[in-house]
Amino acid sequence: MGVQVADAAVQVNNNTVAIIPNTLAYTEGKGEQTIRAASAGGGQVEQIYANNVESNFSMVKFELPATVENIELAREWKSNANANLVQIAGSTPEGRVTRTFSQAALLGDYEVPLGSDTNIAIEFKSNPAI
Amino acid sequence: MAGTKAAELLYELDIEFEYAHKGDLRKAEFITLYPPTSRNMSEVAALKQAFFRSLPQDDESGEKEEAETEIKGSQVMALISMSVNVELSTVLLTARELFSAKGIADVDGEEKLTKPLIDAMDPNDFYTMTGEYIANFIIASALRKLKKS
């Protein structure tokens, strides 16, 4: 039986960020691939595999409580354009997983909900995770 | 008039560590250290007290006292490490708080030294850097005053 990684640490630009539990997710940035068929006649098809490099970017997202500090942090990350670096690290008794997302940018105009129990949803786009 | 303090100090790392700079990972080569201000008085007081508590209690000759005014970082840390009156781990944790404060230390002179970066540093580098900081910025002026008095 494996142990699921559930409480990974997040660092943005050398600072640890306290996130809402169970909101961290990322994509590897390996892109999307497609398979098409090319007809060879007589009912035979040949597989054409294609790598759509347009989608070779990673996404890393998490949610932050809407504190003054986090509101200012998010604003700073947005102002940095793509000069952010996000690192995540999670461990279980079985081992450790780390990913680094370079040249990360907040592309969307994220929402800042002000109220009790509200979170800021942050989503970076970056170079493929390493 | 108070004695002058060095404006900054470069500590060259023996072992590099990675840090984020403008969206990319870079290898850190040195730490630029700046003198403390009153904002850091709590950590400065603790480190200064730790050093003076670590000094041998015997009152020896004036020559010895003069030699101690030129104390080096390695000597500071040796005194603290050998002292039964001071906990080295407490000194290092206090230094961690101080170095991660605003305006005290920059990695490669570019990025603030944060706690996650300190945690990525080689412990020997951190130990030596702490000694250099104490010697140059925390006890230097106090030792000069002791020499004058």
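What comes next concerns the included structure. The shown structure was predicted, so the numbers you read here are calculated from the model rather than taken from an experiment.

What counts, and at which threshold
- Residues numbered from 1 in each chain as written.
- Chains lettered and ligands numbered in written order.
- Predicted model: local features only at pLDDT ≥ 70, side-chain atom pairs only at ≥ 80, totals over all residues.
- Helix = DSSP H or I, 4+ residues; strand = E, 2+ residues; numbered from the N terminus.
- Buried ≥ 20, exposed ≤ 12 C-beta atoms within 10 Å, placed from the backbone.
- Contact = placed C-beta atoms within 7 Å.
- Pairing = 2+ DSSP bridges.
- Axes fitted to C-alpha atoms, helices over the stretch in contact; angles between N-to-C directions.
- Nonpolar A, V, L, I, M, F, W, Y, C, P; charged D, E, K, R; others polar.
- Expected span 1.5 Å × (residues − 1).

### Quick word on the overall build of chain B
When helices and strands are counted, chain B shows seven helices and six strands. Counting only residues that meet the buried cut, chain B has 27% of its 149 residues in that class. A sequence separation of at least 24 residues applies to 72% of the contacts in chain B between residues at least 6 apart.

### Quick notes on the environment of B:Ala120
Of note, B:Ala120 is situated in helix 5 (residues 115-120). Separated by 101 residues in the primary sequence, B:Ala120 and B:Tyr19 place their C-alpha atoms 9.0 Å from one another.

### Topic: the sheet that holds strand 1 (residues 9-12) of chain B
Residue and element names in this part refer to chain B. Strand order across the open sheet formed by four strands is 1-4-5-6, with antiparallel pairing between neighbours. Taken across any chain shown, the strands that pair with only one partner, and hence form the sheet edges, are strand 1 and strand 6 (111-112). Pairing analysis gives two bridges linking strand 5 (residues 105-107) to strand 6, with the strands arranged antiparallel. Across the sheet, Asp-106 pairs through a bridge with Lys-112, a residue of strand 6. Those strands touched by helix 6 (residues 123-138) are strand 1 and strand 4 (30-33), and its axis lies near 160 degrees from that of strand 1.

### A look at unusual backbone geometry
Of note in this structure, A:Asp117 is not a glycine but carries a positive phi near 60 degrees. Structurally, A:Asp117 is set in the loop between strand 8 (95-106) and strand 9 (119-126). Judged by local crowding, A:Asp117 falls into the exposed class, with 7 C-beta atoms found within 10 Å. A positive phi angle is found at B:Lys22, which is not glycine, with a value near 50 degrees. Looking at the secondary structure, you find B:Lys22 in the loop between strand 2 (18-21) and strand 3 (24-27). With 16 C-beta atoms counted inside 10 Å, the residue B:Lys22 sits in the partly exposed group.

### Brief notes about the interface of chain B and chain A
Taken together, the ten residues of chain B in the interface contact 13 residues of chain A. Breaking the side of chain B that touches chain A down by element, the ones donating at least two residues are strand 2, strand 3 and helix 5 of chain B. Taken together, the residues of the side of chain B that touches chain A sort by class into five nonpolar, two polar and three charged.

### Structural notes on helix 1 (residues 68-79) of chain A
Given 3.6 residues to a turn, an α-helix orients residues that are three or four positions apart in the same direction. Taking 1.5 Å as the rise per residue, helix 1 of chain A with twelve residues should run 16 Å; its terminal C-alpha atoms sit 17 Å apart, in good agreement. Downstream of helix 1 of chain A by one or two residues, A:Ala81 has phi in the positive range, about 55 degrees.

### A look at helix 6 of chain B
An ideal rise of 1.5 Å per residue puts 22 Å on 16 residues; helix 6 of chain B measures up with 21 Å between its terminal C-alpha atoms. Regarding helix 6 of chain B, the residues found buried are B:Met129, B:Thr130, B:Gly131, B:Tyr133, B:Ile134, B:Ala135, B:Phe137 and B:Ile138.

### Some details on the sheet that holds strand 6 (residues 58-65) of chain A
Residue and element names in this part refer to chain A. Spatial ordering of the open sheet is given by 2-1-7-8-9-6-3, a layout of seven strands whose pairing is antiparallel. On the outer flanks of this sheet lie strand 2 (15-17) and strand 3 (25-26), each paired with one strand and no other. Inspection of the sheet shows strand 7 (residues 84-92) paired to strand 8 by eight bridges, in the antiparallel sense. Looking at the pairing, Ile-88 lines up with Arg-99 of strand 8.

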